[in-house]
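Single-letter residue listing:
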Amino acid sequence: MTEPLALASRRGRWVVAATVLGSSMALLDGTVVNIALPHIGEDLDSGVAGLQWTLSGYTLALASLILLGGALGDRWGRRRVFVWGTVWFAVASLLCGIAPDITFLVIARILQGVGAALLTPGSLAIISASLREEDRGAAIGLWSGLGGVAGAVGPLFGGWLVEVAGWRSVFLLNIPLAIVVVWAAVRHVPESRDPHPPEHLDVVGSACAVVGLGALTYGLIEVNPIVGLVGVLTLCLFVVVERRSPSALVPPSLFRSRMFVAANLVTLAVYAALGGVFFLLVLQLQLVAGYSPVAAGVATVPITLALLLLSSRAGSYAQTHGPRLPMTVGPAVAAVGLVLMTRIGPDASYLTVVLPGVLVFGLGLAVMVAPLTTAVLGSVPVEQSGIASGVNNAVARTSQLLAVAALPALVGIDAESLVDPTSFSDGFRYAMYICVALLVVGAVIAAALIRTPIVEPVQEADSVACKPHCDLTGPAVQPNPIVD
């Protein structure tokens, strides 16, 4: 490996730029696709199930393969796999942009998720492996901040793009962005890899994760209990495989930490709620309240702004006093925001109806998300921080995936609901109450199980050479909780 780079150097700045642009491309694709869903459904004559698969196909591939993508980067070269993932993502984006029907689009979205699973874990891994130790904390902060700006601008820009150039432009825009990322990575990013990778890749474990999540998602979306049961059994087999594999993607030793288990249980409940909210909220705003794509995008911006402005303070509090209080209060406050969102109906005023719910919801997330990262990173030894965060990220994406798959059927949202605002609005309200319950469950788990104060500075975890499956910040500090 070459000598570590200084962040202030030209090449060091290019490393950060390439990784920020690559990870933001995958992040924004999810944000903008949410806003484009009504237009996709209308243009391709798709029902709710097709729209669910448009989101879930991407998340399914990403959630089930993200740890494998990190392991491949460690073994074959992080820059190489990052570039492969970016090229793959661009080609899949082209296929999405020319999709003639919803089935073609869903297949292309799954392929897009595979590309994202290759490029996403390499983003922070490259920063940690390429820059000097004393510059890594600042670089990761810069990565988070610039990603936050992209998250704030994304909904507005995406809504404008859908209105001006149509939903296909959302996917086609990725192609020139990917070209810039590949050029910057090949020209400026040094190659790095783990000098002592595991002897074998956990192919069996990865296959079980893909088949299990795929079958369970299909069973929930298509209301097929038999296929869903196959998915559950396959995921149980995944647990058995991981317990016995010498090169497990998810080391069982992590779960000896009570804090780690508790943090992931909170993640499972809370991020399921976030998956449901961000899937249905933009549909409710456009189909029922009559908002344009731009207006629907702007409506959710306060959530991102709250995260940007308050997350660092919440993280500092958790670092000093422990994460239990913010991880308990945050989901509870977010639940109040969702109760306020149930008032959104036809011709809902933004200032008096939409904004209060969105703002309170965003404040709750801002209180919770950074302490959740603190809990995850503080629950394991420093040398395991990368894999711990990667597992937590996979848990978050999986819970979002299952929520998007299950909620519409649970609340009676179907194809007819897309053309019947009253029916859709009733389903939205019931779904918000289910999400409220999930957030309350997350708050209760945090209050009961998150007890140990964090005394280890998170910055030390950030400065460790990023291991496999690296997304050091976990799901928590992503600028927008929904990425796909």
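In the nomenclature of an unreviewed UniProt entry, the protein corresponds to MFS transporter from the organism Rhodococcus baikonurensis. The annotation that UniProt attaches to the protein under Subcellular location (unreviewed entry) is "Cell membrane".

**Focus: the overall build of the protein**
Assigned secondary structure in the protein consists of 17 helices and 0 strands. Buried positions account for 61% of the 484 residues belonging to the protein. For the protein, the exposed surface amounts to about 17900 Å²; the carbon and sulfur share of it is 69%.

**Overview of a nonpolar patch on the surface**
Together, L305, L308, L309, L310, L359 and L363 line one region of the surface with nonpolar side chains, adding up to about 480 Å² of accessible area. The leading source of residues in the nonpolar patch is helix α12 (residues 301-321), at 4 residues. Structurally, L309 is set in helix α12.

**Describing the packing of aromatic side chains**
Each aromatic ring pair is specified by the distance between its two centres and by the angle formed by the two planes. Taken as a whole and judged by the stated rule, the model has 7 aromatic pairs. Ring geometry for Y58 and F89: centres 6.5 Å apart, planes at 80°, overall edge-to-face. In this pair, Y58 sits in helix α2 (residues 48-76) while F89 sits in helix α3 (residues 78-97), placing the two residues 31 residues apart along the sequence. Across this residue pair, the class does not change: Y58 and F89 are buried. Relative to F361, the ring of F278 has its centre 6.2 Å away and its plane inclined at 50°; by these criteria the two rings are tilted. On the criterion of sequence distance, the pair formed by F278 in helix α10 (residues 258-288) and F361 in helix α14 (residues 350-378) is long-range, its members being 83 residues apart. In this structure, R429 packs its charged tip against the face of Y430, placed 5.7 Å from the ring centre.

**Observations concerning helix α13 (residues 324-341)**
For the α-helix, the turn length of 3.6 residues means that residues three or four positions removed from each other point alike. With 18 residues, α13 should reach 26 Å at 1.5 Å per residue; the first-to-last C-alpha distance of 26 Å fits that figure. Buried residues of α13: P326, M327, G330, P331, A334, A335, G337, L338 and M341, and no others. Buried residues of α13 fall within an arc of 165° about the axis and therefore sit on the same side. Among the structural elements, α10, α12, α14 and α16 (421-449) are those in contact with the buried residues of α13.

**Digging into the packing of α3 against helix α7 (residues 174-188)**
Contact geometry of α3 with α7 gives a least axis separation of 9 Å together with a crossing angle of 165°. Regarding the angle of α3 to α7, the classification is roughly antiparallel. For the pair α3 and α7, the crossing hand works out as left-handed. In this structure, α3 contributes R79, F82, V83, T86, V87, F89, A90, S93 and L94 to the contact, and α7 contributes N174, I175, A178, V181, V182, A185 and V186. Residue composition of the contact of α3 with α7, grouped by class: 12 nonpolar, 3 polar and 1 charged.

**Remarks on the pattern of salt bridges**
According to the stated counting rule, one finds 2 salt bridges in the structure shown. With a shortest N-O distance of 3.7 Å, D43 and R168 are connected by a salt bridge. Here D43, found in helix α1 (residues 10-43), pairs with R168, found in helix α6 (residues 168-172); they are 125 residues apart in sequence, far enough to count as distant. By relative accessible area, D43 is classed as partly exposed at 44%. Among the ionic pairs, R429 bridges to D426, the shortest N-O distance being 3.1 Å. Linking R429 with D426, this pair stays in helix α16, spanning 3 residues, or about one helical turn. Given the relative accessible area of 27%, R429 is considered partly exposed. Given the relative accessible area of 29%, D426 is considered partly exposed.

**A closer look at unusual backbone geometry**
Within the chain, D45 stands out as a residue other than glycine whose phi angle is a positive 55°. Summarising the element assignment, D45 is placed in the loop between α1 and α2. A positive phi is found at D347, a non-glycine position, where the angle reads about 55°. Relative to the assigned elements, D347 resides in the loop between α13 and α14.

**Structural notes on the confidence of the model for the protein**
Residues at a pLDDT of 70 or more form 89% of the protein, whose mean pLDDT is 82. Averaged pLDDT values over the elements of the protein bottom out at 39 in helix α17 (residues 458-462) and peak at 94 in α13. Considering only residues more than four positions removed or in separate chains, one finds that residues 454-484, a stretch of pLDDT under 50, has 129 contacts.

Reading guide: rules and limits
Residues numbered from 1 in each chain as written. Predicted model: local features only at pLDDT ≥ 70, side-chain atom pairs only at ≥ 80, totals over all residues. Heavy atoms only, no water. UniProt positions renumbered as here; feature names shortened; annotations may be inferred. Helix = DSSP H or I, 4+ residues; strand = E, 2+ residues; numbered from the N terminus. Buried < 20%, exposed > 50% of the residue type's maximum accessible area, 1.4 Å probe, protein only. Areas by Shrake-Rupley, 256 points an atom, 1.4 Å probe, with all protein chains shown as cover. Patch = residues over 30% accessible without salt bridge, like charges linked within 9 Å, V, L, I, M, F, W, Y side chains within 5 Å. Salt bridge = Lys/Arg side-chain N within 4 Å of Asp/Glu carboxyl O. Phe/Tyr/Trp six-rings, centres within 6.5 Å; stacked < 30°, edge-to-face > 60°. Lys NZ or Arg CZ within 6 Å of the ring centre and 35° of its normal. Expected span 1.5 Å × (residues − 1). Arc of directions from axis to C-beta. Contact = heavy atoms within 4.5 Å. Axes fitted to C-alpha atoms, helices over the stretch in contact; angles between N-to-C directions. Parallel < 35°, antiparallel > 145°, perpendicular 65-115°, else oblique. Left-handed = near helix turned anticlockwise from the far one by under 90°. Nonpolar A, V, L, I, M, F, W, Y, C, P; charged D, E, K, R; others polar. pLDDT = per-residue confidence, 0-100.

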